[in-house]
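Take a look at the letters that make up each chain.
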Amino acid sequence: MSQTIYARVSDQLKAAVDEHATRSGQTLASAVADLLDRGLQATADERSIEALEENVRSLQAEVETYEEREKPLVAFAQRTALKVGSCPSCGHDVSGRDLLVDGQCRNCGANLSPLLAPDPKVDKGGLNEGDFKLLLGALGLALAVAFVTQQGGGG
Ligand SMILES: [Zn+2]
């Protein structure tokens, strides 16, 4: 089944279609139908390529957002592995993780919580204040990001 389309075209276009029909050995009518069909296909492909490009752009933006959000977490994770002081009992290196997560010296098992005690009488000689403050700063940033991410529904 077929339909007829009447369309007024420029002399230039008519000449070009005639030439195409002659070159491809088609009648003028089937050359026009063929060209229209290809034109529609090209237009559809163009749209789907545009849609794909738009998807890629949006995914790239999403990846960048996640990478940006992860930076403070990565910085905190790296900092927890660094030395923040020495064990008051044996003098072994104490990392942020030893101090805040495990709470004990990995060498002698001594309780490290006195290092965090607010009591000024407790000897804090084993804690490097500067390094510890950097660790707390990284922790604060990681927590703030986690909080904001949660408030935003994770999206
Ligand atoms: Zn120790």
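Thresholds, definitions, all that
Residues numbered from 1 in each chain as written. Predicted model: local features only at pLDDT ≥ 70, side-chain atom pairs only at ≥ 80, totals over all residues. Helix = DSSP H or I, 4+ residues; strand = E, 2+ residues; numbered from the N terminus. Expected span 1.5 Å × (residues − 1). Axes fitted to C-alpha atoms, helices over the stretch in contact; angles between N-to-C directions. Left-handed = near helix turned anticlockwise from the far one by under 90°. Contact = placed C-beta atoms within 7 Å. Buried ≥ 20, exposed ≤ 12 C-beta atoms within 10 Å, placed from the backbone. Pairing = 2+ DSSP bridges.

1. Thoughts on helix α1 (residues 11–24)
Now for step 1: The end-to-end C-alpha separation of α1 is 20 Å, in line with the 20 Å expected for 14 residues at 1.5 Å each.
Now for step 2: Gly 25 sits one or two positions beyond α1 and adopts a positive phi of about 65°.

2. With respect to the packing of helix α2 (residues 28–80) against helix α4 (residues 129–151)
Now for step 1: Viewed as axis vectors pointing N to C, α2 and α4 meet at an angle of 145°, and their least axial separation amounts to 8 Å. As for the relative orientation of α2 and α4, their crossing is left-handed in sense. Packed against α2, whose contacting residues are Arg 69, Pro 72, Leu 73, Ala 75, Phe 76, Arg 79 and Thr 80, the element α4 presents Leu 134, Leu 135, Ala 138, Leu 139, Leu 141, Ala 142, Val 145 and Thr 149 at the interface.

3. Some details on the environment of Ser 24
Now for step 1: Within the element layout of this structure, Ser 24 appears in helix α1.
Now for step 2: Given 11 C-beta atoms within 10 Å, Ser 24 falls into the exposed group.
Now for step 3: Along the chain, Ser 24 and Asp 131 lie 107 residues apart, while their C-alpha atoms are 79 Å from each other.

4. Notes on the pairing of strand β1 (residues 83–86)
Now for step 1: Bridging between β1 and strand β2 (residues 93–95) involves three bridges; their strand directions are antiparallel. Considered in β2, the bridge of Lys 83 is made with Ser 95.
Now for step 2: Between β1 and β2, which pair antiparallel one after the other, the connecting turn spans six residues, and Gly 91 there sits at a positive phi close to 85°.

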